[in-house]
Structures are given as C-alpha cells and as structure tokens.
Amino acid sequence: MAKGDGAKYLVGIFAILFLATLVIVAGIETKKSESTKPEIELTGKSKQCVACHEKKGIAVKQIEQWKDSKHAEYGIGCIECHAAKKGDFDAFTCPGSDILVGRYPTPKDCGVCHEKQVKEFANSKHAHQFWLLHNDDRAVYEFPMAVKHGCEQCHRIGTMWPDSSVGDCSACHARHSFKIAQARNPKTCGECHLGPDHPQIEIYEESKHGNIWAAEGKNWNMGYETANHEKIPIKAPVCTTCHMDGSPTQPMTHNVSARLAWESQAPWSYRTVWDEKDLGTWQKKRERMKEICFNCHAPDFINEYFLEMDLVNLQYNEIRRQFVYWNKKLYKEKLMYPWKTGEKLWTSPVLDGYDQLPERKKYYTWHHEGRRFRFGAEMMGADFTQWHGIWEIQQDFIEMLNWAADHGDAEAKVWQKSNNPTKMITFKLYDVPGNEWGINTELNKPNFVYKMFPDYWTRIKSNVEAAYNKGLLTKDQWDLWLKRYNKKEYYMGTKFPEHPKWKFYKARDQKDLKHMKKSVIDLNLPGQSFYKDMH
Amino acid sequence: MTDEKKNEVEEEGRRNFLANFLYVGGILAALGGFTAGLLRFIIPEKKPPKMQEILVAHFNEIEIGDAKPMEVAGQKVFVVHLKEGYRVLSAICTHLGCLVQWQKENQRFYCPCHKGKYRPDGTVISGPPPRPLESFRVEVKNGLVYVWMKQKYTGGLV
Amino acid sequence: MSVLKKEWWMERVPLDYEKAMGIVRDAFIKEPIPVHMKKWYYAMGATPLILFLLQVTTGLLLTFYFIPSPDMAYESVRHIQQDVPLGFWIRGLHRWGANLMIITVFLHMIRVFFTRAYRKPREINWILGTLLLGTTLTMGFTGYSLTYNQLSYWATTVGTNLVNQLPLIGHWLLRFMRGGEEVSANTLTRFFVLHELFVPSILFLLIVGHIFMIHLHGVAELEGHEGEGYYAFYPDHFVKGVYITLFLLVLMSTLAILIPPGIGIHADPTQTPMHIKPEWYFYSIYGLLKLVPLWLGVYLVLAFLIVLVFWPFIDDWFRAKWPKAPIGYVLGSATAVLALVFTIMELVAK
C-alpha cells in the first residue's frame with residue numbers, strides 16, 4: 001500500500017461507521033411514538049367553574065377525572081351537565097359566583113346527548129324500584145336508618161327524580177371520568193349484584209368465564225365500543241358481554257331486560273312479560289341471549305345448557321309449592337299467626353313476616369337459597385346451585401316439617417316418622433336424561449329414584465310435557481328433551497358396559513373405608529372421658 | 001520557521017483508486033448524511049392535521065338569526081344559526097385580520113377597522129374584505145352542534 | 001467578459017491571489033509538524049477545536065427551538081428531546097459534545113503541562129490556554145442552566161452565590177450574572193445571551209489567538225527531542241482531524257442514543273431538591289468547598305488559579321532554584337490525582 005493510502009482507507013471506514021450511526025439514529029426517530037392526546041380546553045363558563053374550584057380546592061380530583069374523560073375531549077365541560085334553570089328541584093347558585101347549577105345531573109340531563117341509552121335504561125328493570133312495592137313490610141326488618149346505606153345505596157339505580165326522569169347513570173359509569181372500561185368491569189356490577197340473595201358476582205367468579213377473566217382479564221383493554229356491531233374483542237365474557245354489549249348480530253343495549261327470559265328472582269320462576277311491546281316475548285329475549293352465546297359456543301351446547309337451566313327454574317317452582325302449601329296449612333290450622341294491624345292483615349302474600357320458623361323458611365327458600373339455586377344454574381356456578389342452593393333448601397324443608405310435626409300437624413308427624421328416602425322429595429320432579437358435560441357411564445346407575453320407580457321416566461315425561469303445553473318451554477326445547485328421552489340409555493350412559501375402571505375405583509373406595517374404620521373409627525382410647533366420672 | 005524544516009516535509013504517495021474512492025466518497029457521504037440530519041431537525045414536518053369534534057352549542061340554544069361568539073381550539077369563531085342550518089365562521093376579518101363583531105339588529109358581521117360588512121353566512125356585503133369569512137365543518141348530532149377543528153397536541157410548541 | 005471567467009472576479013476583488021495562496025501554503029499546508037505529534041495523545045489540542053465547531057453547529061440548531069423564558073424553557077427542551085424529529089440526536093450531540101470538550105481540554109492541558117510545552121517563549125500561549133479553560137467551563141455552566149430543571153435552577157443559585165464570595169467584585173458580579181438580587185427570568189435571559197453570544201465570541205477570539213500564537217512560534221518540540229523530523233500539516237496531520245471528527249460524530253451519536261441526556265424535573269423555586277450537585281467538572285471544587293469554610297475555599301481556589309495562570313513563570317523560578325528537583329511534575333501529579341479523587345468521591349457520594 002502506498003503512503004497516504006492508509007489514511008484514506010481509515011477515513012473511508014470511519015465515514016461508513018458514521019453513516020451506519022446515522023441510519024440507526026434515523027431508525028430510532030421513526031420508532032418514536034407520537035404523543036397524540038388532544039389538548040383539553042376549558043372555555044366559557046366551565047373555565048370559570050374550574051378556576052374557582054381549583055382556587056378553593058373543592059373537588060379538584062373530580063376535575064382531574066373529568067380531564068381524563070371523553071367528555072373533556074369533546075369540549076363538554078361542567079356547565080353542560082350541571083346547568084340548571086330557575087325552579088329546577090336541585091338548582092342553587094354556586095357560592096361566590098352568579099352561576100346557577102344543578103346539584104344532581106339526572107338521566108334527563110344525560111339524555112340530552114345520550115337519548116338512546118337513557119330511553120333503553122328507563123325501560124329496563126334497573127330503572128324499576130321493586131323493593132318499593134313492599135316498602136311497608138320491608139320497614140319492619142329494615143327500618144329507615146338501616147336502609148339508607150343498605151338497600152337504598154344499590155337501589156338508587158332506579159331513583160325516581162322530581163324532574164320525571166328515572167335512574168342513575170353514574171351507578172355504573174362512575175363520575176367524572178365516565179369510563180366505559182370501568183363500567184364494563186364485573187366488579188362494577190358486583191357492587192350491587194352480590195351477597196346471599198343474588199350472588200351474581202360470586203357465581204361469575206366461580207364460573208369458567210370468571211376464571212378466564214381472573215387469569216387474563218387484566219391484559220384486556222375494556223374500553224371498546226360495541227354500538228356498531230363490532231366483534232367481541234375479549235376472550236371470555238364479562239357481565240356486559242352477555243347482558244348489554246353488542247355483537248355482530250346483536251345491537252348494544254342499555255336495557256338489561258332485553259335478553260332475560262325468566263323472572264328467576266321472583267318467588268316463583270315465570271316466563272317474563274316485561275315490556276313485551278318494546279322487547280317482544282320471552283322467546284325473543286332468549287333468542288337474543290343465544291345470539292351472544294353463539295359467538296363462542298356451539299348450538300348444541302347452548303341449547304342443552306338452556307334446557308337444563310330452564311328445568312332447574314321449573315323444578316324450583318315445585319319446591320316452592322311445598323313451602324307455600326305448608327305455610328298455608330299451618331295458618332289454617334292456626335298453628336301460625338300472620339301479622340296484623342288491628343283487623344287488617346299486615347303482610348303481603350310474599351313476605352308474610354319472618355318471626356315464625358315456617359314463614360322464615362319460606363322466605364329464605366325463595367329469597368336466598370332458592371335464588372342461589374337458580375342463579376347458580378343459570379351462570380355456571382355449581383357450588384351455588386348445590387351447597388348454597390338445594391342443600392340449604394332441603395335443610396329448610398326438614399326444619400319446617402319438623403316444626404310442623406312438633407306443633408301438632410298430623411301430616412307432618414307422618415313425615416317425621418317416615419324412614420323412606422323419598423321424604424326428601426315430597427315435591428313433583430323434572431328431569432332430563434344425562435347432562436351437558438358429556439356421557440358418564442357410571443353417573444346415572446346408582447340414583448335411587450331411577451332404581452326404585454320403574455315408571456320414573458314416564459312420570460317425568462308427563463311433567464315436562466305439561467310445562468311445555470303450558471308454554472313454559474319452546475317447541476325446540478321439547479323436541480330436544482324428547483330426543484334425549486328417546487335415547488335415554490345413551491345419554492345416561494346406562495347402555496354402555498360398565499367402565500373398566502369402575503371396579504378398580506370401587507375397590508379403592510372399599511380399601512379406603514376399611515382403612516378409615518381400622519385406623520381411626522375402631523380406636524378406643526384408654527383415658528376415660530371426665531364426663532363419665534361425673535355421671 | 002526555517003527553510004530547512006520546510007524542505008524536510010514529506011511528499012504525497014502513489015495514487016490508489018479504492019483508497020481515493022473510499023476517502024472522497026466517505027467524506028462526501030458523511031457530510032451529506034450529517035447535513036441531511038441537520039436539515040430534518042430544523043425544517044418542521046408537514047403532518048396531516050388530525051381533526052377533532054368539539055361541542056359548540058345545544059340545539060335551540062341559539063335562536064335563528066343569531067350568532068354566538070366562542071373560542072374553540074384557540075380560534076375565535078362565531079356559531080351562527082341560519083334558517084338553513086348552523087355555520088361556524090372564523091371571527092377574523094379576511095382583510096387585515098381584525099376581529100369582526102356580530103350585529104344582530106343589522107343581521108350582519110361588521111369589522112370596525114375598515115368597515116367591512118359580511119352576511120350571516122360569512123359572504124361579503126361591502127367593504128375591503130377580499131374573501132368570505134373562513135368556515136368550519138359543522139355536524140349536528142342528537143340535537144347538538146359540533147364543529148370539526150384541527151387537534152391541538154399536548155405540549156405542542158409548533 | 002463573463003462572470004464565469006476568473007478575470008471578471010479579479011477585477012472586482014483585487015486580491016493578490018499568488019501571494020494569498022503562498023501564505024495559505026506556507027502557513028497551513030506546509031506547516032511543519034514535529035514527528036512526536038504523530039502520537040495520539042498529542043491530538044488533544046485539535047479535538048476541543050473540532051468539538052467547538054460541532055458545539056456551535058448543534059447549539060445554533062437548538063436555538064431554533066429553545067425558548068429562554070422560565071415558563072417555556074423546560075417545555076421547549078422537552079419538545080426538542082421528544083417531539084422534534086432528530087431532536088434527541090442534536091441535543092445528545094450537544095450535551096455529550098460539551099462533556100467531551102471539557103474532558104479533552106483537561107487532557108490537553110495535562111499533556112501540555114507534562115511535556116512543558118509552555119516553556120519560553122510560549123508562556124503567553126499558556127495563559128491564553130488557561131483563559132480558554134475558564135471560558136469553556138463557563139460555557140458548560142451557562143448552558144446547563146438553560147434547561148431550567150430542578151438541578152439546573154439550583155446549580156445556578158449556588159454557582160452565583162459562590163461568585164458572591166469573591167473579594168471586591170463578588171456582589172457586583174452576582175448582580176450582573178443574575179440580573180438582580182434573585183435568580184429570576186432575567187437570569188435565564190442573561191445566561192442565554194452569555195451562552196449563545198457573549199462567551200462563545202470570547203471563546204472564538206481566544207481560539208484564534210491561541211492558534212495564531214502556535215503558528216507564530218511553530219509547534220513546540222519535545223524537550224530533548226529537538227530536530228528529529230517533521231511532516232506536513234496537510235494532508236498528514238490534517239487527516240488526523242478528519243479521523244477525529246468522524247470518530248467523535250460516531251461516538252457522540254452512540255452516546256446520544258445509549259445515554260441520552262435527561263430532562264429532569266421542572267424547576268421549582270420553592271423547593272430545593274435533596275441532592276443538588278453541579279456538573280461533574282465542578283466536582284473537585286465542590287468537594288473541596290465542602291471540606292473547608294467557604295471563605296477559605298474561595299481563597300484557596302483563587303490562589304490555585306493564580307498559580308495555574310502564571311505557572312510557566314513559577315516553574316522557571318522553581319527550576320532556577322532547585323534544578324534537579326522535579327517540582328513541577330510532583331505538583332502537577334498531585335493536583336491531577338487530587339482532582340480525580342475529589343471528582344470520583346463526589347460522583348459516588350449519596
């Protein structure tokens with residue numbers, strides 16, 4: 001290499017290195033994210049509101065929340081919702097200003113922009129204060145001071161305002177950010193839909209849907225829109241997915257009653273007739289719900305599931321019938337006394353007072369365990385159908401019958417003395433061969449009713465058919481039931497040979513029991529109990 | 001400095017094409033790249049403006065034949081309610097930039113600087129203004145009047 | 001005669017081109033550089049010059065976006081860093097360029113000190129060099145204060161307070177620097193003018209003077225290695241400058257990407273942060289001032305500066321008195337080590 005060439009090579013190499021660096025720099029520039037959050041502007045009266053509130057330090061966090069909202073982006077400020085006219089029930093002049101504001105923005109105010117949602121909501125059960133229907137009776141157990149922070153806090157969702165509007169939008173969309181993501185979170189529904197008498201949030205959390213939500217939901221962006229039939233973007237449903245949100249085939253609605261076919265919170269499960277003018281028959285409502293299920297599930301599974309769920313509702317009615325029968329009987333026999341004010345009966349047929357055991361049991365079997373029994377079946381919370389549901393219902397039944405027997409009712413005494421297992425099913429039964437979880441060859445062999453009564457299925461069939469004829473099941477459901485009935489050995493698994501593992505499990509079971517007996521049951525301790533000394 | 005020293009300066013070497021090429025090309029490329037970077041830094045980008053809807057009025061808030069002055073997205077405008085519908089017009093006179101006034105009794109916009117006059121829809125009646133008042137896109141939804149404005153970015157110093 | 005012809009221009013710009021080219025050839029192209037300059041640590045003189053040019057370029061560009069008002073200064077810096085295309089690069093180059101310039105100025109000074117290049121007849125150039133050091137540090141200080149974050153605001157307060165301690169001119173200097181008694185909007189504007197116009201002009205003039213003196217005297221030879229050979233400034237020594245430029249650009253761009261200068265928190269005049277520190281190049285003085293009472297510290301620093309500025313003469317005096325004793329080396333090493341120790345101590349201190 002000649003003199004000076006080394007220098008030239010070096011320069012060339014350094015130059016290329018520099019160019020490479022420039023390319024990297026340009027690359028980083030391209031990847032920089034652009035901040036595109038639009039500036040929130042305060043104009044006019046709202047500017048005045050914010051300035052004064054910030055100066056006085058009153059509710060300043062709410063201003064921050066508002067700045068985070070979609071309202072702020074669109075220039076909808078304080079005065080747009082809080083404007084009041086002279087004579088409004090909640091109008092007052094903000095201290096230190098000349099602005100007339102309304103303390104309570106009601107659905108009427110929200111409805112100025114959100115007319116559709118307010119209208120849908122006003123037609124739904126959320127806007128209906130059921131508990132007010134039996135206010136007098138309620139007040140016995142739940143006197144005024146107790147209800148304010150109790151019943152009234154949840155049931156404010158149906159507030160009846162002096163300005164003729166009904167409801168409270170901020171019950172779900174917390175003010176002042178009004179974020180969809182927050183409203184959509186199951187915990188929002190769970191603020192009210194929880195507890196011993198309607199544990200929807202607990203049932204949801206037990207269910208597979210809730211399980212997937214718990215595992216992956218924190219990564220889901222919950223602020224999506226469904227007003228334009230968008231696809232459901234999340235992997236498992238939350239409350240709103242089934243009860244409100246839109247899908248490619250269903251419109252989004254704020255009417256939570258639009259997709260519910262049963263009144264399964266009522267003392268008796270009946271097919272809903274809520275607002276048939278706008279929402280159609282219960283069959284239409286059921287179709288709407290199924291449309292949502294179709295987004296994830298196969299038609300067979302959906303139909304089988306709904307059939308079994310419906311039969312649970314109907315079965316509940318038969319159980320209820322027993323409790324009503326016994327209570328009526330005990331009143332007639334003057335073994336129980338309803339509450340009165342003077343000559344007028346105090347209570348409603350529904351509430352009937354709670355101080356006497358059968359009355360209490362009747363109430364609980366409806367309002368608490370009966371609801372859990374039904375809701376658990378509806379929303380896949382098995383524990384609530386079983387241990388918090390039917391198990392407790394049966395306990396209530398036993399206690400009621402024993403009370404009746406102890407107080408002198410002859411029929412109850414017969415029951416009490418009976419040693420036949422059928423004493424636990426004094427009510428009429430529904431059934432359907434098999435379940436929706438698959439074919440289990442050993443599940444249905446041992447059940448005592450199947451074994452004891454050869455005409456079992458005939459009787460069941462007549463009951464289901466009667467329900468169908470009464471219009472409580474659709475034709476498709478009846479056809480599905482018949483399909484199962486006609487192939488009952490298949491669905492019940494009884495047509496299949498005994499499972500090869502059955503004997504093995506049984507033997508294991510015996511081994512366990514033997515061992516349990518030998519190791520702990522047959523243990524007679526030497527140290528005498530001290531009671532024996534004294535008695 | 002003495003002549004001796006000058007004579008001892010060494011001479012340039014033999015030519016080599018690759019070396020020259022790398023050398024000249026390298027320096028030119030480096031210079032070019034560097035200058036390009038500097039220019040990109042200094043010359044602001046032309047970004048397509050993002051539009052944003054902003055609420056300006058409720059239906060029936062402004063009577064027909066009336067205009068409401070407002071400041072929206074940093075711009076002074078008038079929201080006019082004509083029989084045919086709503087207009088949002090810039091309050092800046094197209095002559096030399098003064099702010100026009102709304103004269104309800106005379107049903108016109110009046111510029112005090114050089115007596116320019118505009119109709120309620122922004123077209124010029126008389127005076128020096130060369131063009132009608134700038135108009136913004138309006139959308140009326142659910143009884144609310146929105147105007148489409150260029151979005152202002154947080155922290156934008158542009 | 002057409003404007004494309006050389007004669008057209010020679011009539012209108014009557015320079016003696018032959019003479020001009022001759023001067024250029026002698027002064028620059030054929031300037032003899034002693035062969036010891038081929039070693040890389042002798043490039044520490046050209047490096048700050050190159051960095052100065054880069055700083056002027058990037059600094060000028062930053063001025064297109066920077067707004068020197070207390071409301072907007074911090075936000076404009078953030079804007080450059082985050083929003084402006086390639087802003088992070090230009091700002092990174094400028095910030096790292098400043099750090100590198102100060103480092104290389106120190107290294108150059110150390111090299112000159114230990115090779116005794118300041119000896120007769122080049123003492124005046126040494127003085128110019130110390131002035132250049134002071135001016136460069138001033139550029140660093142004023143530039144850093146412009147970002148208007150917590151650290152810069154309070155560093156300005158503390159720095160100007162220190163200036164107050166100087167005898168006689170202290171308080172007047174404080175009022176001049178701050179534009180009043182307090183650090184205010186005036187301070188920011190003043191520092192802006194100082195950083196953008198006043199101090200760079202002084203720096204430029206000093207650089208011109210420094211280089212001119214080198215040209216007048218020629219590059220100093222190594223003691224004991226006089227006359228061992230020379231090579232031409234252009235292209236052999238000049239190409240080193242090209243390497244250095246390209247290398248610095250790569251290094252500074254990489255640093256701008258990997259260790260970008262932060263923006264910090266917006267200045268809050270009502271709250272002093274827990275740990276204010278000046279920039280790293282002031283750590284040694286800062287550390288010293290923490291150990292001794294303020295008045296003593298300031299006087300010590302002043303004394304040190306006087307010794308530094310007039311070192312060539314002091315060194316001559318030492319050599320005359322004790323010819324065999326390497327007092328200069330010992331003092332120089334001790335100072336360098338102490339400064340390094342103080343700097344590192346401050347760096348790691350919580």
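In what follows, the accompanying structure is described.

As for the sheet that holds strand β5 (residues 101-103) of chain B
Residues and elements named next belong to chain B.
Turning to step 1, where the next piece is worked out: Reading across the sheet, the four strands line up as β5-β6-β7-β8 and stay open at both edges, with antiparallel pairing between neighbours. Both edges of this open sheet fall to β5 and β8 (124-126), since each of them pairs with a single strand only. Neighbour-to-neighbour, the strand axes of the sheet open up by a mean angle of 35 degrees, direction not taken into account.
Turning to step 2, where the next piece is worked out: Direction of pairing for β5 relative to strand β6 (residues 108-111): antiparallel, over a ladder of three bridges. Note on β6: the bridge partner recorded for Gln 101 is Tyr 110.

Quick look at the packing of helix α3 (residues 46-63) of chain C against helix α10 (residues 233-258) of chain C
All names here are of chain C.
Turning to step 1, where the next piece is worked out: It is at 10 Å that the axes of α3 and α10 come closest, and there the two elements cross at 55 degrees. Relative to α10, the element α3 lies oblique. Note that α3 runs across α10; the crossing there is right-handed. Counting all contacts with α3, which are made through Ala 46, Thr 47, Ile 50 and Leu 51, the residues of α10 involved are Gly 241, Ile 244, Thr 245 and Leu 248.
Turning to step 2, where the next piece is worked out: Of the residues contributing to the contact of α3 with α10, the split by class is five nonpolar, three polar and no charged.

Quick word on the nonpolar core
Turning to step 1, where the next piece is worked out: Of all hydrophobic cores here, the largest spans 70 residues; its most connected members are A:Phe18 and C:Leu246.
Turning to step 2, where the next piece is worked out: Per-element accounting of this core gives the leading share, twelve residues, to helix α5 (residues 87-114) of chain C.
Turning to step 3, where the next piece is worked out: What A:Phe18 contacts, discounting residues up to four positions off in sequence, is B:Ala30, C:Leu246, C:Leu249 and C:Val250.

Some points on helix α2 (residues 44-56) of chain A
Turning to step 1, where the next piece is worked out: A rise of 1.5 Å per residue sets the reference length of α2(A), with its 13 residues, at 18 Å; its end C-alpha atoms lie 19 Å apart and thus fit the reference within 8%.
Turning to step 2, where the next piece is worked out: A:Gly57 sits one or two residues past α2(A) and shows a positive phi near 70 degrees.

Some remarks on the environment of A:Met380
Residues and elements named next belong to chain A.
Turning to step 1, where the next piece is worked out: Mapped onto the elements, Met 380 comes out in the loop between α20 (369-378) and α21 (382-406).
Turning to step 2, where the next piece is worked out: A C-alpha to C-alpha distance of 7.0 Å links Met 380 and Ile 203, two positions 177 residues apart in sequence.
Turning to step 3, where the next piece is worked out: Here Met 380 is in contact with Ser 207, Lys 208 and His 209, once residues within four sequence places are set aside.

A few points about the pairing of strand β2 (residues 66-72) of chain B
Residue and element names in this part refer to chain B.
Turning to step 1, where the next piece is worked out: Bridge count between β2 and strand β3 (residues 75-82): seven bridges; the pairing is antiparallel. Residue Val 72 lies in a different strand from β3, and its bridge partner there is Gln 75.
Turning to step 2, where the next piece is worked out: Between β2 and the antiparallel strand that follows it, β3, lie two residues; Ala 73 among them carries a positive phi value of about 50 degrees.

Parameters and conventions
- Here, residues in each chain are numbered from 1, in the same order as that chain's written sequence.
- The order in which chains are written sets their letters, starting at A; the order in which ligands are written sets their numbers, starting at 1.
- With the structure being a predicted model, the display of local features is reserved for residues of pLDDT at least 70 and the display and counting of side-chain atom pairs for 80 or more, all residues being used for whole-chain, interface and lining totals.
- Note: two strands are recorded as paired if DSSP finds a minimum of 2 bridges between them.
- Numbered from the N terminus, helices here are DSSP runs of H or I no shorter than four residues, and strands are runs of E no shorter than two.
- Orientation is described by axes fitted as lines to C-alpha atoms, over the contacting stretch for helices, and by angles from 0 to 180 degrees between their N-to-C directions.
- Throughout this description, any angle smaller than 35 degrees is read as roughly parallel, any larger than 145 degrees as roughly antiparallel, any in the 65 to 115 degree range as roughly perpendicular, and the remainder as oblique.
- Crossings are classed by handedness, with left-handed meaning an anticlockwise turn of the near helix from the far one by less than a right angle and right-handed meaning a clockwise turn.
- A pair of residues counts as a contact when their C-beta atoms, built from backbone coordinates, are separated by no more than 7 Å.
- Residue type decides the class: Asp, Glu, Lys and Arg count as charged, Ala, Val, Leu, Ile, Met, Phe, Trp, Tyr, Cys and Pro as nonpolar, and the leftover types, Gly among them, as polar.
- Buried Ala, Val, Leu, Ile, Met, Phe, Trp, Tyr and Cys residues form a nonpolar core when they are connected through C-beta atoms within 7 Å.
- Whether a residue is buried, exposed or partly exposed is read from the other C-beta atoms within 10 Å of its own C-beta, which are placed from the backbone; 20 or more gives buried, 12 or fewer gives exposed, and intermediate counts give partly exposed.
- By this rule, a helix spans an expected 1.5 Å times one less than how many residues it contains.

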